Amino acid sequence: MKTVLVAINAKYIHSNLAVYSLRSYARTFGYEPELLEFTINQQKDQILKGIYEAKPDLLCFSCYIWNLSYAEEIIEDIKKILPKVTIWAGGPEVSYDAPKFLKRHPEVDGIMCAEGEKTLTELISYYEIGKSQGKSLDGINGIAYQENKTIHQTPLRDIMNMDDLVFPYEDLKDFEHKIIYYESSRGCPFSCSYCLSSIDKKLRFRSFSLVEKELEFFLAHKVPQVKFVDRTFNCKKSHAMAIWTYIKEHDNGITNFHFEVAADLLTEDEIALIQTMRPGLIQLEIGVQSTNEKTLAEIHRKTDFEEITRKVKAVQKGENVHQHLDLIAGLPYENYESFGHSFNDVYALKPEQLQLGFLKVLKGSYMAEAAEGYGCVHKAKPPYEVLGTRWLSYEEILKLKGVEEMVEVYYNSGQFQKTIRAMEHLFETAFSMYEELADFYEKNGYNEVSHTRIRRYEILQEFLQEKEANLEYFKQLMIFDLYARENMKTRPQWANDLSAYKMQILDFYKKEEENPKLLTDYQSYQARQTIKMTHIEVFTYDVINENEEKGAYPVLFDYKKRSPLTNDAKAVFVQL
């Protein structure tokens, strides 16, 4: 019998930890499920073809909010071309309303509810041996299934011991150019009403002796990035400290580790350890969600924003950790004005990234049960995104969508750092700046088409011209931002003419060739080669220090020395 596990990922660079974990566990019992990974960007016909050519007997789909509609369409069609295939599904999008899903999809034989490692293995055993022996699916806990048009549901399965999980990454050939996801714990100690993790309070951890071996594997193979999927990584100090200490002491200079943490839980010991790490070794994702105290109380999220602020700033002092802070629009008691206040609070912390997300009313969550009382309406299909609440209208949500897009383009991209910092002084608040910028895009129809990077700068110039800003100064900030990221082969037409400095720049490189002081990493190259590998820009404003003092300011951009946090080239003043 051939078992095939199907994952439909959001992007090519993603991998599906669930199906790899299920396969690894099944292998210990002598089973060898085949994995098929696709993305939602592929044509459904391609996915259908891939599954058909695999010729499965038992076909299992991993279902999440980002792929459920794809999976449902494939499920509806696959039975038409493989009428004898047995179809099962699992994952958070089908576990909490399994009977409803089965009624909606009579072609699906059953649902694996909650953790699936043991369940899948027992299902394979049932279809290979047990069924022919007259055994019933009733003997398998943690499933819902339909038989003779009747839906049955068995008792929930006991949660797994994390040490029973089987490491799924012994062979890395399937993960080239992909992010690797890893879990050292399951469950969450908190009760956030919008999150499914709040339902399962059974928090448990994998023994550090096992985690240590697995981290050693990642480091030995120089995996570019490992994302921990632990819901609140630092909820147990001893566990977090052991892992952070290990990766610091065994740092290979390449691998980056991503953790989702509760900032207010970070201890002084943890922060002190973090501050000693190589820049870029770890990055932290911090869910702030809101700074409205009434909102936080209503969603059962007990946090202290003052404490979060203190801890975020303490981590920033080390200048070595990328911090990603999240907000959620559409939460109860948070209207448009209140969300703007939350935005300004978090923006003031200057994280490397600020994600403005929108509430997703997940099936099985407390938020879904309370939605009617909040006047909360949401999309009928995944991702069940909020369309309006008693406090926030759909029109206001559309405005926030515009703000979100501007934040992604002009802040989170990291491509406009000096320009945006200078722009902030022209507005009462950061939120109003992005709000006005979104309105400008809307008014001019710029939000309806894609734009090159240079065009984004030009649109910004149009916007600043309306604000009667010093456009000459801002253009130079933009040139700095452009060259900080890359050595531009084609200069923008609005850049200063450097021809008057041509000989002085060449003389600088000849002196560096003879006696390198700044370009010590280029000693094997001649001056004319080094000119092409670096860049000197002569500014008429002091853009490095971000002030409008006029003069001549030659700046060298060294692309071999980049910030591990921003990826910007090192920029220093030089004498010409």
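These numbers were taken from a predicted model, which means no experiment stands behind them.

Let's talk about helix α1 (residues 17–27)
Reasoning step 1: Burial of α1 is extensive: nine of the eleven residues sit out of reach of the surface.
Reasoning step 2: Buried-residue contacts for α1 involve β1 (3–9), β2 (34–39), β3 (58–62), α6 (117–130), β8 (180–182) and β9 (185–186).
Reasoning step 3: Of the residues that open α1, the one with a side-chain oxygen 3.0 Å from the backbone nitrogen of Ala-18 is Asn-16.

Looking at empty space enclosed by the protein
Reasoning step 1: Counted according to the given criterion, the structure contains two cavities of 30 Å³ or more.
Reasoning step 2: As a volume, the largest cavity reaches approximately 100 Å³.
Reasoning step 3: Considering the residues around the largest cavity, the lining is formed by Leu-17, Ser-21, Leu-165, Val-166, Phe-167, Pro-168, Tyr-169, Tyr-182, Glu-183, Arg-206 and Glu-214.
Reasoning step 4: Estimates place the volume of the second largest cavity at around 80 Å³.
Reasoning step 5: Taken together, Tyr-509, Glu-512, Glu-513, Pro-516, Leu-519, Tyr-522, Gln-523, Tyr-525, Gln-526, Ala-527 and Thr-530 form the lining of the second largest cavity.
Reasoning step 6: Mapped by element, the contributors of at least two residues to the lining of the second largest cavity are α19 (502–514) and α20 (527–533).
Reasoning step 7: Broken down by element, the residue count for the lining of the second largest cavity peaks at three residues, all from α19.
Reasoning step 8: Across the lining of the second largest cavity, the residue classes tally to six nonpolar, three polar and two charged.

Here we look at the sheet that holds strand β15 (residues 353–358)
Reasoning step 1: Pairing within the open sheet is parallel, and its six strands lie in the order β8-β11-β12-β13-β14-β15. On the outer flanks of this sheet lie β8 and β15, each paired with one strand and no other. Adjacent strand axes in the sheet meet at a mean angle of 25° when their direction is disregarded.
Reasoning step 2: Pairing geometry for β8 and strand β11 (residues 225–228), over three bridges, is parallel. Bridge pairing in β11 places Ile-180 opposite Val-226.
Reasoning step 3: Here helix α8 (residues 237–249) sits on the sheet and contacts β11, β12 (256–261) and β13 (282–289); the angle it forms with β12, its principal contact strand, is near 160°.

Basis of the calculations
Counting of residues starts from 1 at the beginning of each chain's written sequence and follows it residue by residue. It should be noted that, the model being predicted, local features are given only for residues of pLDDT at least 70 and side-chain atom pairs only at 80 or more, the latter also being counted only at that level, while totals for whole chains, interfaces and linings use all residues. Note: side-chain values were computed over all heavy atoms of the structure, leaving out hydrogens and water. For every residue, the accessible area obtained with a 1.4 Å probe (protein chains only) is divided by the maximum for its type, and the residue is called buried under 20%, exposed over 50%, and partly exposed between those limits. The numbering of helices and of strands both runs from the N terminus, where a helix is a DSSP run of H or I of at least 4 residues and a strand a run of E of at least 2. Contact definition: two residues touch when any of their heavy atoms are within 4.5 Å. Side-chain atoms alone can form a polar contact between residues adjacent in sequence; in general such a contact is a pair of N or O atoms within 3.5 Å, and within protein one must be able to donate a hydrogen while the other accepts it. Here a cavity is any set of points on a 1 Å grid over the protein atoms alone where a 1.4 Å probe fits but cannot get out, and a pocket is any open set with protein on both sides within 12 Å along at least 5 of 7 lines; a residue lines the site when it has an atom within 4 Å of a point. Grid points are joined across faces, edges and corners, and a volume is the space filled by probe spheres set on the points. Each residue is assigned to one class: nonpolar for Ala, Val, Leu, Ile, Met, Phe, Trp, Tyr, Cys and Pro, charged for Asp, Glu, Lys and Arg, and polar for all the others, Gly among them. The pairing criterion for strands is at least two bridges between them, as found by DSSP. Axes here mean lines fitted to C-alpha atoms, for a helix over just the part in contact, with angles spanning 0 to 180 degrees between N-to-C directions.

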